[in-house]
Amino acid sequence: IGCSKGMDRNLVETAIGPNGNKSADAFKGIPSGKLRRYFSWKNFVDVFKIGSGFFASFFILLKEKPSVLFSKGGFVSVPPCIAAKILHIPVYTHECDYSPGLATRINAKSANRILVSFSETKKFFSEEKQKFVTITGNPIRPVFYTPDFSVGRQFLGLQNREEKPVLLILGGSSGARQVNQLVFDNLEWLCQHFIVVHQTGKGENFDNALQYKEKLGSLENNYKPYAFIYGEMPHVMSASDVVLSRSGSNSLWECAVEGKPLVLIPLCGSGTRGDQVENAEFFRKQKAAFVMNGDEANSENLKNYLLQMTDEEIRKRYSTASRTIAGNLKPAIVIATILKDEVLEK
């Protein structure tokens, strides 16, 4: 069950299942809204969307009669969780960020078990609810556990081991203007010290990157911009020595599984609840990342942190700390085992 608009449907319907067949009939779309923490007329409209989403979810669950409902964040998950609770269907909800978002806090009221990525997340729930919290880590695509270094280098056109470390910059699928501009402002310096692999985001972001690349002269081959990298990302990450990124939980866990040293620029300000800042702070405290918050995201700090990352010994220390966060267990299997043991085999 997902939002009837947006990318949810396409992701599900193009996914390949265990039997090799596409999931063409697997997606059930519902109306979706959200409750904003500031005044907006959209809040009034979205109340009706949320109500419609509840009734749509109720009848979907009534028809499908599932053994369990698993929720993975986002406000679109709230109506199905409430409907499942009313229909006495067991609810398991997962929070990927350091602190629970509004959707998870609401879903927790319906949940048989609350699954979290970070051990410290447990403290955000009441003493009574903490009895139902289980630390699982954050599930990611299985291929990140078995990346192919050589495939990544071939994709990047790096046939021989380079003298310079490879810096992977993640601007997100739609780009991150702040990250991109900071990179463009310091591109020549970056290319003097690194092979720069830059996921810029599509459209204007990528067009700008190509224009900057033309100005690099003899350093041009050290800059490799891409609008978006998806299927090859696990292998490209494997071929990289350092990652510069936002601090969304999914990207952080992908980096942690591959043991990547990090320099993070969290999304912060009035348009966010601060989850990325909290995620980044956790990685900083574990000595797996340098972090630049708000006004700290400037050229001076960028050069300072990345210059330290040119030292192989420093990279090794941060790499070990990053891999330690991910641990040895695979969260997707941990979660599947919980569902199997607590619901399907009862």
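Attention here is on the structure that accompanies the text. (Residues numbered from 1 in each chain as written. Predicted model: local features only at pLDDT ≥ 70, side-chain atom pairs only at ≥ 80, totals over all residues. Heavy atoms only, no water.)

**Re the pairing of strand 10 (residues 242-245)**
Part 1 of the argument: Residues of strand 10 alternate between two faces, with Val242 and Leu244 on one and Val243 and Ser245 on the opposite face, all of them buried.
Part 2 of the argument: Sheet topology places strand 10 next to strand 11 (residues 262-264); three bridges connect them, and they run parallel. Following the sheet pairing, Leu244 is matched in strand 11 by Val263. (Buried < 20%, exposed > 50% of the residue type's maximum accessible area, 1.4 Å probe, protein only. Helix = DSSP H or I, 4+ residues; strand = E, 2+ residues; numbered from the N terminus. Pairing = 2+ DSSP bridges.)

**Focus: the pattern of salt bridges**
Part 1 of the argument: Scanning the entire structure with this criterion turns up eight salt bridges.
Part 2 of the argument: Ionic pairing is found between Asp97 and Arg273, a salt bridge with its closest N-O pair at 3.4 Å. You can see Asp97 sitting in the loop between strand 4 (91-95) and helix 4 (102-107) and its partner Arg273 sitting in the loop between strand 11 and helix 11 (275-285), a full 176 residues away along the chain.
Part 3 of the argument: In this structure Asp97 comes out as buried when scored by relative accessible area, which is 10%.
Part 4 of the argument: Across the pair Glu128 and Lys131 runs a salt bridge whose closest N-O atoms are separated by 3.2 Å.
Part 5 of the argument: The partly exposed category is assigned to Glu128, whose relative accessible area is 46%. (Salt bridge = Lys/Arg side-chain N within 4 Å of Asp/Glu carboxyl O.)

**Some points on the sheet that holds strand 5 (residues 113-116)**
Backbone-to-backbone hydrogen bonds join strands into a sheet, with any given pair of strands oriented parallel or antiparallel.
Part 1 of the argument: What the four strands build is an open sheet, ordered 3-4-5-6; its pairing is parallel. A single partner strand is all that each edge strand has here, and the edge strands are strand 3 (69-71) and strand 6 (133-135). If you compare each strand with its neighbour and ignore which way they point, the axes differ by 20° on average.
Part 2 of the argument: Relative to strand 5, strand 4 runs parallel, the two being bridged by four bridges. (Axes fitted to C-alpha atoms, helices over the stretch in contact; angles between N-to-C directions.)

**Structural notes on the sheet that holds strand 10**
Part 1 of the argument: Taken together, six strands build an open sheet; the order of strands is 9-8-7-10-11-12 and the sheet is parallel. In this open sheet, the two edge strands, each paired with only one partner strand, are strand 9 (223-226) and strand 12 (289-291). On average, adjacent strands in this sheet sit at an angle of 15° to one another, irrespective of strand direction.
Part 2 of the argument: Sheet topology places strand 8 (residues 195-199) next to strand 9; four bridges connect them, and they run parallel.

**Focus on the packing of aromatic side chains**
Part 1 of the argument: One pass over the structure, following the stated rule, counts 14 aromatic pairs.
Part 2 of the argument: For the pair Phe155 and Tyr226, a centre-to-centre distance of 5.2 Å together with 25° between the ring planes defines the contact as stacked. Placement of the pair is Phe155 in helix 5 (residues 149-156) and Tyr226 in strand 9, with a sequence separation of 71 residues.
Part 3 of the argument: A relative accessible area of 31% means that Phe155 is categorised as partly exposed.
Part 4 of the argument: By the ring-pair criterion, three or more aromatic residues cluster together here, those being Tyr98, Phe118, Phe124, Trp253, Phe282 and Phe283.
Part 5 of the argument: The lysine or arginine in question, Arg141, covers the ring of Tyr230, its NZ or CZ lying 4.2 Å from the ring centre.
Part 6 of the argument: In this arrangement the basic side chain of Lys330 is found over the ring face of Tyr145, its NZ or CZ atom lying 5.0 Å from the centre. (Phe/Tyr/Trp six-rings, centres within 6.5 Å; stacked < 30°, edge-to-face > 60°. Lys NZ or Arg CZ within 6 Å of the ring centre and 35° of its normal.)

**Some remarks on the nonpolar core**
Part 1 of the argument: Judged by nonpolar contacts, the single largest core of 34 residues is most densely connected at Leu168, Val197, Leu262, Leu264 and Phe283.
Part 2 of the argument: Where this core is concerned, the elements lending two or more residues are strand 7 (166-170), strand 8, helix 9 (233-238), helix 10 (249-257), strand 11, helix 11, strand 12 and helix 13 (312-326).
Part 3 of the argument: With five residues, the single largest contributor to this core is helix 10.
Part 4 of the argument: Among residues more than four places away in sequence, those in contact with Leu168 are Val197, Met233, Val236, Met237, Ser240, Val242, Val243 and Leu244.
Part 5 of the argument: Ranked by size, the runner-up nonpolar core spans 30 residues in total, among them Trp189, Val196, Tyr223 and Ile265. (Core = buried A, V, L, I, M, F, W, Y, C linked by side-chain atoms within 4.5 Å. Contact = heavy atoms within 4.5 Å.)

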